[in-house]
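The chain contents come next:
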Amino acid sequence: AAFSAAFAFAAAAAAPRSIGGRWRPAEAAAGRPSVANCTWQNFTQAVDHFGGAAGTFPQRLCLYDKWWKRASKGGFKAPADAPGPILFYTGNESPVDEYVNNTGLMWELAEDLGALIVFAEHRYEPLSHPALCGTQRCFAYCTTAQAIADWVTIIAALRRKHKVRAPVVAFGGSYGGMLAGWLRMKYPEVVDGVIAASAPIWQLAGTVQRETLDMPAVAISKGVSAAGGATDRCRDNLKAAWPLLQEAGRTAAGLRLLSRSVKACSPLHDARALTRWAQSPYFFLAEGNYPFPSTYITFSVTEGKAFPLPSWPMRVACERGIDADFGVRVDGSVADVNFTLSLGDLEVAVDWADATGNGDTLTAEQLEASGVMRLPPPA
C-alpha cells in the first residue's frame, strides 16, 4: 500500500557527506561528538520560579566542552580572560537525547567559535521531573514560563564559572524554537541571540486573528509537491484522498469496503477515524524530510531501536505508489479550498471545512467500481 509503506521503510546508512563544510552528526563516523560524547549532569532546578512552592528536581544537561576556549582564540575581540560563547539548546517535548544527535548546526558552528555546547532537557520529561506522587496540582508547574525560567537559571550558573560574561546564543526547533524565541523576548539581557527553526509562534489559538490554513498542512503539501522535489500529482492525490475516503464511508456498506481495503483489525465505524490515522504519518515525514538519512522522527515515535528514514522521505513516499493516475477529477480552486472532486460515480464538494457529496446514495458496487478503494492508504 502506498500509505502503509510510506512510514515503514528503512534505508541503508549512507556514507557521510559534507554539508556546509562539516559532517552531519547522524551520518558521521564513530568518534564524532554525539549523545555518547556528552558530559551528562543533573542540574538542581527549582520547581517553582514565581510562587511559594518549595522543592527542587534534577534537570538533565548534556554539555560538550572539548572546543570551549578563550574568546580571543575563537576569533573574537574580547578581553584575554573572556570565555568563548555558549550555544544553548532549549529542549522540546521529547527526551533531550533526540535533539543532541539531530541539531547539526550547533555542532557545525561550535568548533570554529570555540563554544560550549549545552542541551537542556525540558522539565517534566521522564528523567527531568519533580516528585509527582502526593504533590497537589503537580502539573501546574509544567508551563512555558517555568521552562524558560529554567533556562535563565542554568545560563546564570554557567556564567558564574568566569569573571567575564559569556555570550549565549539559544537554538531551538518547533516547540523548542518557540521557547528560544520567547526566551529572547522575555529575557533579552540573558541571551544575545536566537536561531529558531520551524517555530510556529503565530499559529497559537490566541494569536490567529483570522481564518487561515493550517501551516503544518501547508508544509506537508509542499513536501509532496513539485516544489518539494516530488510531483504535483502526488500532492493532488493526497488532498483528494481524504474527502473522497470520508464520503465513501458514509454508509455501512462503504465502511465495510474501507475496512476490508485497509485490512483493519476491527470494523471501521467512522471514516474520519481512518483518515485521521492515515494523515498522521505525513506530519512526521514532513518533520523528518531531511536531505540525508535521519532517525530524528523514528527515535521519538517508535519503540526500540530507531531505523533511519531515507533522504527526502516524502519524495520516497510519493514514489512508492501515491504518484499514480487514480482517475481523480478536480474542479474549482484547491488553493482557496473550494473545489469539487469526482472519481467514477463518487462526487464530493469541498468548501473550506465543509464537505458534501453523494456517497450515501451509491451502492457498494458503484463505490468499488469508482476506484476509491485504491486511493492512499488502502493496502
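Along every chain, residues carry numbers that run from 1 in the direction the sequence is written. Whole-chain, interface and lining totals are the exception, using all residues; otherwise, since this is a predicted model, local features are given only for residues with pLDDT of at least 70 and side-chain atom pairs are given and counted only at 80 or more. Values shown for side chains rest on all heavy atoms present in the structure; no hydrogens or waters enter the calculation.

(A) Representation of the overall build of the protein chain in the model. Along the backbone of the protein chain there are 12 helices and 12 strands. Relative accessible area decides the class of each residue, using a 1.4 Å probe on protein chains only: under 20% of the type maximum gives buried, over 50% gives exposed, and in between gives partly exposed. Per-residue burial over the protein chain gives 45% buried out of 379 residues. Pairs at least 24 residues apart make up 63% of the contacts formed inside the protein chain by residues separated by at least 6 positions. Just so you have it, the protein chain exposes about 18,700 Å², and 55% of that area is on carbon and sulfur atoms. The secondary structure listing takes helices from DSSP runs of H or I that are at least 4 residues long and strands from runs of E that are at least 2 residues long, numbered from the N terminus. Note on contacts: a residue pair is in contact if any heavy atoms of the two residues lie within 4.5 Å. Method for areas: the Shrake-Rupley scheme with a 1.4 Å probe, in which residue coverage is limited to the protein chains shown.

(B) Expanded view of the sheet that holds strand E12 (residues 354-357). Strand pairing is defined by DSSP finding a minimum of two bridges between the two strands. Taken in spatial order, the four strands make up an open sheet running E9-E10-E11-E12, and their pairing is antiparallel. The sheet terminates laterally at strand E9 (329-333) and E12, the two strands that pair on one side only. Ignoring which end each strand starts from, the neighbouring axes of this sheet average 15 degrees apart. When strand E10 (residues 338-343) meets strand E11 (residues 346-351), the two strands line up antiparallel, connected through six bridges. Bridge pairing links serine 342 to glutamate 347 in E11. The strands touched by helix H7 (residues 232-248) are E10, E11 and E12; relative to E11, the strand with the most contacts, the crossing angle is about 120 degrees. Under this scheme, a helix contributes an axis fitted over its contacting stretch, all axes are lines through C-alpha atoms, and angles between N-to-C directions fall in the 0 to 180 degree range.

(C) Quick look at the sheet that holds strand E7 (residues 168-173). The six strands lie next to each other as E3-E4-E6-E5-E7-E8, forming an open sheet whose pairing is mixed. Looking at strand neighbours, the two that pair on one side only are strand E3 (39-46) and strand E8 (193-197), the edges of this open sheet. Sheet twist, expressed as the average angle between the axes of neighbouring strands with direction ignored, equals 25 degrees. Where E3 meets strand E4 (residues 56-64), eight bridges bridge the pair, whose relative direction is antiparallel. Bridge pairing links tryptophan 40 to cysteine 62 in E4. The sheet contacts of helix H3 (residues 104-113) involve E4, strand E5 (86-90), strand E6 (116-120), E7 and E8, and relative to E6 the element is tilted by about 155 degrees. Helix H4 (residues 144-159) rests against E3, E4, E5, E6 and E7 of the sheet, and its axis sits at about 120 degrees to E3.

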